[in-house]
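Read off the chains here:
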Amino acid sequence: MNSMLTRSKQRTICSQLGRVKLQLLYKASIHGFTGPAFHQQCDNRCPTVSVGYNASGYVFGGYTKQPFSQSAAYVNDDQAFLFTFSGEKLLKYPVTVSGNAVKMIANCGPCFGEALVLVHGSKAVVYSAPGNFYNFTAADMHGNDLTLTECEVYQVEETIALERPWRTIHWESVNRNELKESINIYQPTDSSVSQARVLLIGPVGAGKSSFFNSINSVFRGHVTSQAMAGCFTSSLTIQFRTYSVKDGRKGKPLPIIFCDTMGLEESTGEGIDIEDISSILKGHLPDRYQFNTSAPLDSDSSGYLKSPELKDRIHCVTYVIDACKVSIMPPKLEEKLNAIRRKVNLMGIPQLILLTKVDEACPLVKEDVKNIYKSGYIKEMMQEVSARLGVPLSCVVPVKNYSEELELDPDCTTLLLSAIIQMLRFTDNYFDDISDKFSNMEV
């Protein structure tokens, strides 16, 4: 299920509740605009945030720590509140009579006192009676538009800090310098190749281009933006691009090249074509090749490399996945990723998963990036994406890209450098595998 509540609004609501995240339980457009459908998905789950949407653009609802039921009784909750958004600002209306905070009605959705009911009488409508245990104005709450276009209920889950990190990472500056030096002096084990080629594949908006920009920033010494990146519904990358990173403004290129592609999209015929990915893996695509979603590259296309060498091929594939969207990944998008993974497997190319936006997914990590391996939630997301894409957990690496910062952050840099080290190690595995094949042929 795709959440209609934006990440920004989710963060705003969570800021009222502490170190928590929201897990979507009920979506009326999928489960049904009925009381029974709501209760089937939400009874005995708590705390919850219920959200209504109308055609006038209002986003409003309520929070309760009490579990829903069909008892027909009022339930006491001194922490319950109603809310509505004015732009990105949250307007909050606390319960005035805690003993009547929530009412359990079988034929309705979430019912807050007698003031606000979402999915009233098993219809896509709102019941609104300001002053009945919550004080608000109808105009501010929902603009007097009582027809629902959507209703969602989220379970509020604590982001628990594990007792000790489940992976070891050293955050000291000495370690960062060692990681940078290891990357600088890296040499592929095959002498015919001077730079490892890493292909970045992922859905639109997952952070592929931002990852390259972040690595470039680390080695430039300041935040920079060479690859086009941003928050759009369709891919900003329309060409196949190969990016080399320099160590400093006039330094030598690093022994790694990042290959960026169009983002994957859920719809058939949108985003990069899987056959184009196959051509990239084999080294046929030239830099700056313009993608054509209606026709993949063929051997007669301009610039097609008919006899690519080992240095032109992809040596490691990295899937870039947004941590905030792991649980709501559309089935068709998952199918595309798995089809690509199977193709990559057949070609014997090592594969990694880069889990981005970990700070947006987990308040614990937003508070301090060093909590990355103490976050139970991030570990769950890593385990889930590992299972869904059929890649071992040891191949899942979390990072935080530079997106809003003006200066480099040492801890973000440590995560980014650690990810590069894993890519280079996997690249070595690729060259070792090729070397073993040649050795066996000679025997």
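- If you look the chain up in an unreviewed UniProt entry, it shows as Interferon-induced protein 44-like from Gymnodraco acuticeps.

### Points about the overall build of the chain
Piece 1. A tally of helices and strands in the chain yields 12 helices and 18 strands.
Piece 2. For the C-alpha atoms alone, the extent of the chain along its principal axes is close to 80 × 50 × 40 Å.
Piece 3. Within the span of the chain, comprising 443 residues, buried residues form 52% of the whole.
Piece 4. Put simply, of all contacts in the chain between residues at least 6 apart along the chain, 68% involve residues at least 24 apart.
Piece 5. Of the charged side chains in the chain, 44 are positive and 48 negative; the average position of the first set lies 2 Å away from that of the second.

### Re the packing of aromatic side chains
Piece 1. Across all of its chains, the model carries 13 aromatic pairs by this definition.
Piece 2. Plain terms: the ring middles of Trp166 and Tyr373 are 5.4 Å apart, the flat faces sit at 90° to each other, and that makes the pair edge-to-face. A residue pair is termed long-range when its members are at least 10 positions apart, and Trp166 in the loop between strand E11 (148-158) and helix H5 (173-184) and Tyr373 in the loop between helix H10 (363-367) and helix H11 (376-389) qualify at 207 residues.
Piece 3. Judged by its relative accessible area of 23%, Trp166 is partly exposed.
Piece 4. For Tyr373, a relative accessible area of 6% gives the class buried.
Piece 5. By way of ring pairs, the aromatic residues Tyr63, Phe81, Phe83 and Phe85 are connected into one cluster.

### Notes on the side chain of Asp43
Piece 1. For Asp43, the position within the fold is in the loop between helix H3 (35-42) and strand E2 (48-54).
Piece 2. Here Asp43 occupies a buried position and makes no salt bridge, while the nearest side chain of opposite charge, Arg45, is found at 10.0 Å.
Piece 3. A polar side-chain atom of Asp43 sits 3.2 Å from a polar atom in the side chain of Gln70.
Piece 4. If we ignore the near neighbours within four places in the chain, the residues touching Asp43 are Phe38, Phe68, Ser69 and Gln70.

### Concerning the domain arrangement of the chain
Piece 1. Looking at the chain, the domain boundaries give domain 1 (7-158) and domain 2 (173-442).
Piece 2. Inter-centroid distance (C-alpha atoms) of domain 1 to domain 2 is 40 Å.
Piece 3. With six residues of domain 1 in contact, the opposing surface of domain 2 contributes 11 residues.
Piece 4. Considering only the side of domain 1, the residues that lose the most area to domain 2 are Arg7, Arg19 and Lys21, jointly responsible for 67% of the buried surface there.
Piece 5. Applying the counting criterion to the domain 1 and domain 2 interface returns four salt bridges.
Piece 6. Across the pair Asp322 and Arg7 runs a salt bridge, and its minimum N-O distance is 3.3 Å.
Piece 7. Sorting the residues of the side of domain 1 that touches domain 2 by element identifies helix H1 (7-14) and strand E1 (20-27) as the ones contributing at least two each.

### Description of the nonpolar core
Piece 1. Grouped together as the largest cluster of nonpolar side chains are 85 residues, with contacts concentrated most on Phe211, Phe258, Ile321, Leu355, Ile378 and Ile420.
Piece 2. The element best represented in this core is helix H12 (residues 410-442), accounting for 13 residues.
Piece 3. Every residue in contact with Ile321, bar those within four places of it in the chain, is listed here: Pro203, Ala206, Val326, Met329, Leu337, Ile353, Leu354, Leu355, Thr356, Val385 and Leu389.
Piece 4. Core analysis: the next-biggest nonpolar cluster, separate from the first, contains 28 residues, Ala37, Val95, Ala101 and Leu148 among them.

### Quick notes on the packing of helix H7 (residues 274-282) against helix H8 (residues 331-346)
For any two helices packed against each other, the geometry is given by the interaxial angle and the distance between the axes.
Piece 1. Here H7 crosses H8 at 30°, and the two axes come no closer than 11 Å. The angle between H7 and H8 falls in the class roughly parallel. Of the two possible hands of crossing, H7 and H8 adopt the one that is right-handed. Across from Ile274, Glu275, Ile277, Ser278 and Leu281 in H7, the residues of H8 making contact are Lys336, Ala339, Ile340, Lys343 and Val344.
Piece 2. In terms of residue class, the contact of H7 with H8 is made up of six nonpolar, one polar and three charged.

### So, the UniProt feature "domain: TLDc" (unreviewed entry) in the chain
Piece 1. Mapped onto this structure's residue numbering, the UniProt feature "domain: TLDc" (unreviewed entry) falls at residues 1-157.
Piece 2. As annotated, residues 1-157 has a helix share of 16% and a strand share of 35%, and its two end C-alpha atoms lie 18 Å apart.

### What to know about the sheet that holds strand E9 (residues 116-118)
Piece 1. Spatially, the three strands line up as an open sheet ordered E8-E9-E10, and their pairing is antiparallel. Each having just a single partner strand, strand E8 (111-112) and strand E10 (126-128) make up the two edges of the open sheet.
Piece 2. Here E8 pairs with E9 via two bridges, running antiparallel. Looking across to E9, one finds that Cys111 is bridged to Val117.

### Description of the pattern of salt bridges
Piece 1. Summed over the entire model, instances satisfying the criterion amount to 20 salt bridges.
Piece 2. Of the charged contacts, one joins Lys27 and Glu152 as a salt bridge, the two residues approaching to 2.7 Å between their closest N and O atoms. Separated by 125 residues along the polypeptide, Lys27 in strand E1 and Glu152 in strand E11 bring together distant segments of the chain.
Piece 3. Each of Arg7, Arg11, Asp322, Lys357 and Glu360 takes part in a single network of salt bridges with overlapping partners.

Basis of the calculations
Residues numbered from 1 in each chain as written. Predicted model: local features only at pLDDT ≥ 70, side-chain atom pairs only at ≥ 80, totals over all residues. Heavy atoms only, no water. Helix = DSSP H or I, 4+ residues; strand = E, 2+ residues; numbered from the N terminus. Buried < 20%, exposed > 50% of the residue type's maximum accessible area, 1.4 Å probe, protein only. Contact = heavy atoms within 4.5 Å. Lys, Arg positive; Asp, Glu negative; His and termini not counted. Charge placed at Lys NZ, Arg CZ, Asp CG, Glu CD. Phe/Tyr/Trp six-rings, centres within 6.5 Å; stacked < 30°, edge-to-face > 60°. Salt bridge = Lys/Arg side-chain N within 4 Å of Asp/Glu carboxyl O. Polar contact = N/O pair within 3.5 Å; in protein donor to acceptor, adjacent residues only side chain to side chain. Domains from an automatic or database assignment. Buried area = accessible area lost by both parts, 1.4 Å probe. Core = buried A, V, L, I, M, F, W, Y, C linked by side-chain atoms within 4.5 Å. Axes fitted to C-alpha atoms, helices over the stretch in contact; angles between N-to-C directions. Parallel < 35°, antiparallel > 145°, perpendicular 65-115°, else oblique. Left-handed = near helix turned anticlockwise from the far one by under 90°. Nonpolar A, V, L, I, M, F, W, Y, C, P; charged D, E, K, R; others polar. UniProt positions renumbered as here; feature names shortened; annotations may be inferred. Pairing = 2+ DSSP bridges.

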